[in-house]
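# Descriptive structure summary
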Amino acid sequence: MPYYAKSEDWLHQSALLLQARPSTTRITTRYHIKPARRLPKPDKAGVAAPSQPEETQQQQEAKPPRGHLVLKTYDPASGVTLKYKTSKAAEVTRLVQMLGTLGRRMAGVAVETTPTTTSGGGDEVVMGEAPPVGGESEAAAGGSGAQTPTPTPAAGGQAQAVAGAGAGGGGGGGKGKKKKGKR
Amino acid sequence: MGHLTHDEFFAKLADLFNARKTKAHGAVYLTQKRFTFNQEETPSSEADPFADLHPARPLPILIRATNGKSKEHRAAKVKLSTVVQPQDLDAFYARYAEVCKVGMAALKPRDRTKRKAKAKKRKVGAAGLPTS
């Protein structure tokens, strides 16, 4: 079960998975709080930073328990799990927006392309009408992306086939997004 | 337990998040999936083995929230669920984002210290140059 470094990648892969298996895939958001990490040993800190020991120690003592957010897309039928982890508060709104985009896919509502940050998943999936934009190479790219996290090769092949069959727009959307990510 | 209305759901979800704030540990689980129970569905057939890929009409979505207590802590478990109709999705997610943002207060706030320090330096530099 891979963790994606970028929420956009997670969104894209989740969208592909949802496209292949819309009625079994579920998305779980786990928000958990852990006590702050234990303080470094005092003697070590004293050696490492002798110039500003008081200030740093005060900061460390005042450290509140830290929250973490893990988004997980899971399809029990094929066993595909996609994850994204963050601890930044600034991302929450955007992530819930992504949940909304994926929720629209779950519902089977056409997802319109929005000029907002979630444009990665904004490719159209209208029932039965795959846009003719996606060539073979793009469909294959989408399929291989969906395959990577699959633990069982048989299920992966199936998911790939399904994604390849209906993933014209998905592959195209992913292509642009991936380029952006590499920059 | 039956499904809650959106208002009830958000109120209780806020409570759930608040319960996390008072303690230094714990978790909140939020799940969403397609709601297929008791929905008239076109069964998969030979001709169309993936009938669920293109439903005849949009399906509702089931949203669940729990504090993840189970086994010996079962008594303390909080389970909330609500069903969002396709036409309510946008309104629901707008409120959902708001509640989550407020509730997930223990996440790392945006770090502005570095930028501030830089700005200060620049100010000092700008002020220092003409005098020297």
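Residues numbered from 1 in each chain as written. Chains lettered and ligands numbered in written order. Predicted model: local features only at pLDDT ≥ 70, side-chain atom pairs only at ≥ 80, totals over all residues. Heavy atoms only, no water.

In the annotation of an unreviewed UniProt entry, the entry for chain B reads Signal recognition particle subunit SRP14, and the organism field reads Achaetomium macrosporum. Quoted verbatim from the Sequence similarities (unreviewed entry) field of UniProt, the annotation for chain B is "Belongs to the SRP14 family." Quoted verbatim from the Subcellular location (unreviewed entry) heading of the UniProt record, the comment on chain B is "Cytoplasm". (UniProt positions renumbered as here; feature names shortened; annotations may be inferred.)

As recorded by an unreviewed UniProt entry, chain A carries the name Signal recognition particle 9 kDa protein-domain-containing protein and is attributed to Achaetomium macrosporum.

## With respect to a positive patch on the surface
Taken together, the side chains of R110, R112, R115, K116 and K120 of chain B define a basic patch exposed on the protein surface. With respect to the element layout, R110 of chain B can be found in the loop between α2 (89–103) and α3 (113–131). (Patch = residues over 30% accessible without salt bridge, like charges linked within 9 Å, V, L, I, M, F, W, Y side chains within 5 Å. Areas by Shrake-Rupley, 256 points an atom, 1.4 Å probe, with all protein chains shown as cover. Salt bridge = Lys/Arg side-chain N within 4 Å of Asp/Glu carboxyl O. Lys, Arg positive; Asp, Glu negative; His and termini not counted. Charge placed at Lys NZ, Arg CZ, Asp CG, Glu CD. Helix = DSSP H or I, 4+ residues; strand = E, 2+ residues; numbered from the N terminus.)

## Quick look at the sheet that holds strand β1 (residues 26–34) of chain B
Strand order in this open sheet of seven strands is β1(A)-β4(A)-β3(A)-β2(A)-β1(B)-β2(B)-β3(B), and the pairing throughout is mixed. If you trace the sheet from one side to the other, it starts and ends with β1 (3–4) of chain A together with β3 (79–84) of chain B, each paired once. Sheet topology places β1 of chain A next to strand β4 (residues 80–86) of chain A; two bridges connect them, and they run parallel. The residue of β4 of chain A that forms the bridge with Y3 of chain A is K83 of chain A. Along the sheet, helix α4 (residues 92–107) of chain A makes contact with β2 (26–34), β3 (66–75) and β4 of chain A together with β1 and β2 (61–66) of chain B, crossing β1 of chain B at roughly 30°. (Pairing = 2+ DSSP bridges. Contact = heavy atoms within 4.5 Å. Axes fitted to C-alpha atoms, helices over the stretch in contact; angles between N-to-C directions.)

## Remarks on helix α1 (residues 6–22) of chain B
An ideal rise of 1.5 Å per residue puts 24 Å on 17 residues; α1 of chain B measures up with 25 Å between its terminal C-alpha atoms. As for α1 of chain B, its buried residues are in contact with β2 of chain A together with β1, β2, β3 and α2 of chain B. (Expected span 1.5 Å × (residues − 1).)

## Some points on the pairing of β2 of chain B
All names here are of chain B. Counting buried positions along β2 gives five out of six residues, so the element sits mostly inside the fold. Sheet topology note: the β1/β2 ladder contains six bridges and is antiparallel. Bridge pairing in β2 links Y29 to T66. With six bridges connecting them, β2 and β3 associate as antiparallel partners. Its bridge partner being in β3, A65 is matched across the sheet by L80. (Buried < 20%, exposed > 50% of the residue type's maximum accessible area, 1.4 Å probe, protein only.)

## A few points about the side chain of T29 of chain A
The topology assignment puts T29 of chain A in strand β2. Apart from the residues within four sequence positions on either side, T29 of chain A is in contact with L69, V70, L71 and L99 of chain A together with V28, Y29 and L30 of chain B.

## Brief notes about the pattern of salt bridges
Applying the stated criterion across every chain, the model contains five salt bridges over all chains. Here E91 of chain A ties to R94 of chain A by a salt bridge, and the two come within 3.3 Å at their closest N and O atoms. Between D7 of chain B and R95 of chain B there is a salt bridge; the shortest N-O distance is 2.9 Å. Of this pair, D7 of chain B sits in helix α1 while R95 of chain B sits in helix α2, placing them 88 residues apart in sequence. Relative accessible area serves as the criterion here: at 37%, R95 of chain B is assigned to the partly exposed category. Linked through salt bridges whose partners overlap, the residues forming this network are E8, E91 and R94 of chain A.

## Comments concerning empty space enclosed by the protein
Applying the stated rule across the entire model yields three cavities of 30 Å³ or more. Volume-wise, the largest cavity comes out at about 50 Å³. Around the largest cavity, the lining residues are T29, L69, L71, V92, L95, V96 and L99 of chain A together with L30, C100 and M104 of chain B. The set of elements that each furnish at least two residues to the lining of the largest cavity consists of β3 and α4 of chain A. It is α4 of chain A that provides the largest number of residues to the lining of the largest cavity, a total of four residues. (1 Å grid on protein atoms, 1.4 Å probe; cavity = no way out; pocket = protein on both sides within 12 Å on 5 of 7 lines; lining within 4 Å. Points joined across faces, edges and corners; volume = space filled by probe spheres on them.)

## Brief notes about α2 of chain B
An α-helical turn contains 3.6 residues, so any two residues separated by three or four positions project in the same direction. Taking 1.5 Å per residue, 15 residues should reach 21 Å; α2 of chain B reaches 20 Å between its end C-alpha atoms and fits that length. Regarding α2 of chain B, the residues found buried are L89, F92, Y93, Y96, A97, V99, C100 and G103 of chain B. Contacts from the buried residues of α2 of chain B go to β2 and α4 of chain A together with α1, β1, β2 and β3 of chain B.

## With respect to the packing of aromatic side chains
This model, assessed by the stated rule, comprises eight aromatic pairs over all chains. With a centroid separation of 5.7 Å and an interplanar angle of 70°, the aromatic rings of Y31 of chain A and F17 of chain B are classed as edge-to-face. Taken as a pair, Y31 of chain A in strand β2 and F17 of chain B in helix α1 lie in two separate chains rather than in one. Using a relative accessible area of 1% as the deciding quantity, one classes Y31 of chain A as buried. Relative to F10 of chain B, the ring of F9 of chain B has its centre 5.8 Å away and its plane inclined at 70°; by these criteria the two rings are edge-to-face. Taken together, the ring pairs in this structure connect F9, F10, F92, Y93 and Y96 of chain B into an aromatic cluster. The aromatic ring of Y74 of chain A is capped on one face by K72 of chain A, whose charged end is 5.7 Å from the ring centroid. The ring of Y3 of chain A carries the charged tip of K85 of chain A above its face, separated from the ring centre by 4.7 Å. (Phe/Tyr/Trp six-rings, centres within 6.5 Å; stacked < 30°, edge-to-face > 60°. Lys NZ or Arg CZ within 6 Å of the ring centre and 35° of its normal.)

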